[in-house]
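Each chain is listed here by its residues.
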Amino acid sequence: MSTPSRRPRASKAESAPTVTLSHAEHMQALQVREQGKTVMYKQDAWGHIETRFVRTQNVKAWEEKGFVVR
């Protein structure tokens, strides 16, 4: 067999250090991010539910995709 023609992958550079949040801080950040948005759901044939937090002006477009407002 011939030698592989792929180049060796360079190691990834360290990105910015991640800040660890407590559970309460994480939940508060989620709540702030979702504030003022509409919660929409879509259930597939296997019973899995997909949840989307949608801006109010985009609700009609998401309803056309098959999502339902909570």
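Definitions and cut-offs
Residues numbered from 1 in each chain as written. Predicted model: local features only at pLDDT ≥ 70, side-chain atom pairs only at ≥ 80, totals over all residues. Heavy atoms only, no water. Pairing = 2+ DSSP bridges. Helix = DSSP H or I, 4+ residues; strand = E, 2+ residues; numbered from the N terminus. pLDDT = per-residue confidence, 0-100. Expected span 1.5 Å × (residues − 1). Buried < 20%, exposed > 50% of the residue type's maximum accessible area, 1.4 Å probe, protein only. Core = buried A, V, L, I, M, F, W, Y, C linked by side-chain atoms within 4.5 Å. Contact = heavy atoms within 4.5 Å.

As for the sheet that holds strand S1 (residues 38–43)
Taken in spatial order, the three strands line up as S2-S1-S3 in an open sheet, and their pairing is antiparallel. What marks the edges here is a single partner per strand, and that holds for strand S2 (49–54) and strand S3 (68–69). Relative to S3, S1 runs antiparallel, the two being bridged by two bridges. By the bridge assignment for S3, Tyr41 is matched with Val68.

What to know about the confidence of the model for the protein chain
For the protein chain, per-residue confidence averages 86 on the pLDDT scale, and 87% of positions sit at 70 or higher. Within the protein chain, the lowest mean pLDDT, 89, falls on helix H1 (residues 23–34), and the highest, 94, falls on helix H2 (residues 59–64).

Details of H1
Its twelve residues place the ends of H1 17 Å apart at the C-alpha level, agreeing with the 16 Å of an ideal helix rising 1.5 Å per residue. In terms of burial, H1 is largely open, as just zero of its twelve residues are buried. Positive phi shows up at Gly36, right after H1, with a value of about 85°.

Brief notes about the nonpolar core
What tends to happen in soluble globular proteins is that the nonpolar side chains get buried as a cluster. Counting residues in hydrophobic clusters, the biggest one holds five residues: Met40, Val54, Val59, Trp62 and Phe67. Not counting residues up to four positions away in its chain, the partners in contact with Phe67 are Met40, Tyr41, Lys42, Glu50, Arg52 and Trp62.

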